[in-house]
Amino acid sequence: MEQNLKNIMVVKLSAIGDVIHALPVSYAIKETFPDAKLTWVVEPPAYEILKLNPYIDKIILFHKKEFKSFMGFIKQFFPFKREIQEEPYDAVLDLQGLFKSAAIAYFAKSDIKLGICNMREMSNHISRPVIGKHAHGHIVERYLDTARAIGCKVEEVKFPIEIPQEEVEKTKIILQNSGARENVPYVVFAVGANWPNKRWSVDNFALLSDWLYDMKVMPVIIGNGPVDEQRAKDIEAMIEIPPINLVNKTNWAQLAEVIKNARLVVGGDTGAVHLSAALGTRTIMLMGPTDANRNGPYGQIENAIEVDRSCKACWKRVCPKNVDCLEKIPVRLVEQKIVSMS
């Protein structure tokens, strides 16, 4: 597609890890079409991540929860539709590939509507799937194939994330108040994940914490919500020297600063761990129900540790066999990986 696009919409609503995976599309668009206006439609949980991206000119929030009731739909639909149709677009890229994103793409005014290679829920009837050369590769490259389809060169895969200086300073205070010591290296534990079978056990994190302290490295726990909070408490109760606990203490900008300065990040297939890979921090991803080839830490797939099970990469949120999916990844294996990365 050889043309100069001036107004482009990206529809990538959720989840946070997937939105992070899609960030290089914004860089590719602005590198190819520097004068283009880029609008991104997203759900509220990932809004903070997009606010750190200087290549996005306008963010439209899609409040999915408010559309679920009849009265909520009536109240939200027409204002949201007006915002979507405020201006015409030279191209709309549906990187979600589901009914909800297809509905947004449908109402957007554009003659060019493209989607990812594996469109679902009839979304392929609204946006044409782009079956690019990376259709069976990493999800970052699959998203970038849609950018290539509108003429983007993609000479460099870059995750545009800029942390405001005021958030950098606030992060220093948060770390100090939580007991972190300056000039002492630390390793971040991302202890949570939306899928229960993506979470490594608290027992293993506790053992790894003890090992790191023996190596003169501080463990730092990150997370959000009551489940992560309880998991952090369980880890603290198992060890003599508790890790630095930042669960529910940071926003996404501050978390990015914590991760950016970490020696290493360890966790499952979840947003914070993908953020680590995007920031270029060394990342060990412990994987079971999802596929490292598609979802592993981008740029460092060799640091994905996949569970030794014949049923790995089943893509099921809950194990039908009722087993602890990641239980077969022992602490020893993670320790060996850390040593090999030193």
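What you are looking at is a predicted structure, and each value in this text was computed from that prediction instead of being measured. (Residues numbered from 1 in each chain as written. Predicted model: local features only at pLDDT ≥ 70, side-chain atom pairs only at ≥ 80, totals over all residues. Heavy atoms only, no water.)

Student: Outline the packing of helix α7 (residues 202-214) against helix α12 (residues 331-341), supporting the account with residue identities and numerical values.
Tutor: At their nearest, the axes of α7 and α12 sit 10 Å apart, and the two run at 40 degrees to each other. The angle between α7 and α12 places the two elements in the oblique class. Considering how the two elements wind past one another, α7 and α12 form a crossing that is right-handed. For the pair α7 and α12, contact is made by N204, L207, L208 and W211 and by V331, V334, E335, I338 and V339, respectively. Across the contact of α7 with α12, the residue classes break down as 7 nonpolar, 1 polar and 1 charged. (Axes fitted to C-alpha atoms, helices over the stretch in contact; angles between N-to-C directions. Helix = DSSP H or I, 4+ residues; strand = E, 2+ residues; numbered from the N terminus. Parallel < 35°, antiparallel > 145°, perpendicular 65-115°, else oblique. Left-handed = near helix turned anticlockwise from the far one by under 90°. Contact = heavy atoms within 4.5 Å. Nonpolar A, V, L, I, M, F, W, Y, C, P; charged D, E, K, R; others polar.)

Student: Hey, could you go over the sheet that holds strand β9 (residues 244-245) for me, with residue numbers and the actual values?
Tutor: Across a sheet, paired strands are connected by hydrogen bonds in the backbone, their directions being either parallel or antiparallel. The strand order across the open sheet formed by 6 strands is β9-β8-β7-β10-β11-β12, and the pairing between neighbours is parallel. Whereas interior strands pair on both sides, the edge strands pair on one side only; in this sheet they are β9 and β12 (304-306). Sheet topology places strand β7 (residues 186-190) next to strand β8 (residues 218-222); 5 bridges connect them, and they run parallel. The residue of β8 that forms the bridge with A190 is I222. (Pairing = 2+ DSSP bridges.)

Student: Requested: an account of the pairing of β7, with residues and values cited.
Tutor: Burial within β7 is extensive, with 5 of its 5 residues counted as buried. A two-sided burial pattern is seen for β7, the buried positions comprising Y186, V188 and A190 on one face and V187 and F189 on the other. On the question of chirality, the crossover connecting β7 to the parallel β8 by way of α7 is right-handed. With 4 bridges connecting them, β7 and strand β10 (residues 264-268) associate as parallel partners. Residue pairing for β10: V187 is matched across the bridge by L264. (Buried < 20%, exposed > 50% of the residue type's maximum accessible area, 1.4 Å probe, protein only. Right-handed = clockwise from strand over helix to strand, strands pointing away.)

Student: Give me the packing of aromatic side chains: which residues, what numbers.
Tutor: The tally for this structure, following the rule as stated, stands at 12 aromatic pairs. Centroid distance F159 to Y298: 6.0 Å. Interplanar angle 65 degrees. Geometry classified as edge-to-face. One end of the pair, F159, is in the loop between α5 (139-149) and α6 (165-177); the other, Y298, is in the loop between α11 (292-295) and β12, and 139 residues separate them in sequence. Residue classification places F159 among the buried positions, given a relative accessible area of 13%. Put simply, the rings of F62, F67, F73, F77, F78, F80, Y106 and F107 touch in pairs and so form one group of aromatic residues. The ring of W195 has K198 lying over it, and the distance from NZ or CZ to the ring centre is 4.3 Å. (Phe/Tyr/Trp six-rings, centres within 6.5 Å; stacked < 30°, edge-to-face > 60°. Lys NZ or Arg CZ within 6 Å of the ring centre and 35° of its normal.)

Student: Please set out the side chain of Q254 residue by residue, giving values where relevant.
Tutor: Structurally, the position occupied by Q254 is in helix α9 (residues 252-260). You can call Q254 buried: its relative accessible area is 8%. Dropping the residues within four chain positions of it, Q254 is found in contact with E167, K170, T171, I174 and K249.

Student: Help me get a handle on the sheet that holds strand β4 (residues 91-94), residues and values and all.
Tutor: Taken in spatial order, the 6 strands line up as β3-β2-β1-β4-β5-β6 in an open sheet, and their pairing is parallel. The sheet is open, and its two edges are formed by β3 (58-61) and β6 (128-129), each paired on a single side. As paired elements, strand β5 (residues 113-115) and β6 share 2 bridges and run parallel to each other. Its bridge partner being in β6, L114 is matched across the sheet by R128. Packing against the sheet, helix α4 (residues 99-107) makes contact with β1 (7-11), β2 (37-42), β4 and β5, and its axis sits at approximately 175 degrees to β4.

Student: With reference to specific residues and values, describe α6.
Tutor: Helix length check: α6, at 13 residues, gives a terminal C-alpha distance of 19 Å against a target of 18 Å (1.5 Å per residue), a fit within 8%. Those residues of α6 not exposed but buried are E167, V168, T171, I174 and L175. Down the axis of α6, the buried side of the element spans an arc of 120 degrees, and every buried residue falls inside it. Of the exposed residues in α6, those oriented more than 90 degrees away from the buried face are Q165, E166, Q176 and N177. (Expected span 1.5 Å × (residues − 1). Arc of directions from axis to C-beta.)

Student: Go over the environment of P164 with me, naming the residues and quoting the values.
Tutor: Relative to the helices and strands, P164 is located in the loop between α5 and α6. According to the relative accessible area criterion, P164 is partly exposed, its value standing at 35%.

Student: Describe the environment of G296, naming the residues involved and giving the relevant values.
Tutor: Relative to the assigned elements, G296 resides in the loop between α11 and β12. As for G296 and D269, which are separated by 27 residues in sequence, their C-alpha atoms are 7.4 Å apart. Not counting residues within four places of it along the chain, the set of residues in contact with G296 comprises H138, H274, M285, M287, D291 and I301.

Student: Account for the layout of surface pockets, naming residues and giving values.
Tutor: When its volume is computed, the second largest pocket comes out at roughly 400 Å³. When residues of the lining of the second largest pocket are assigned to their parent elements, the largest contribution, 5 residues, is made by α6. For the lining of the second largest pocket, the class distribution of residues is 7 nonpolar, 4 polar and 5 charged. (1 Å grid on protein atoms, 1.4 Å probe; cavity = no way out; pocket = protein on both sides within 12 Å on 5 of 7 lines; lining within 4 Å. Points joined across faces, edges and corners; volume = space filled by probe spheres on them.)

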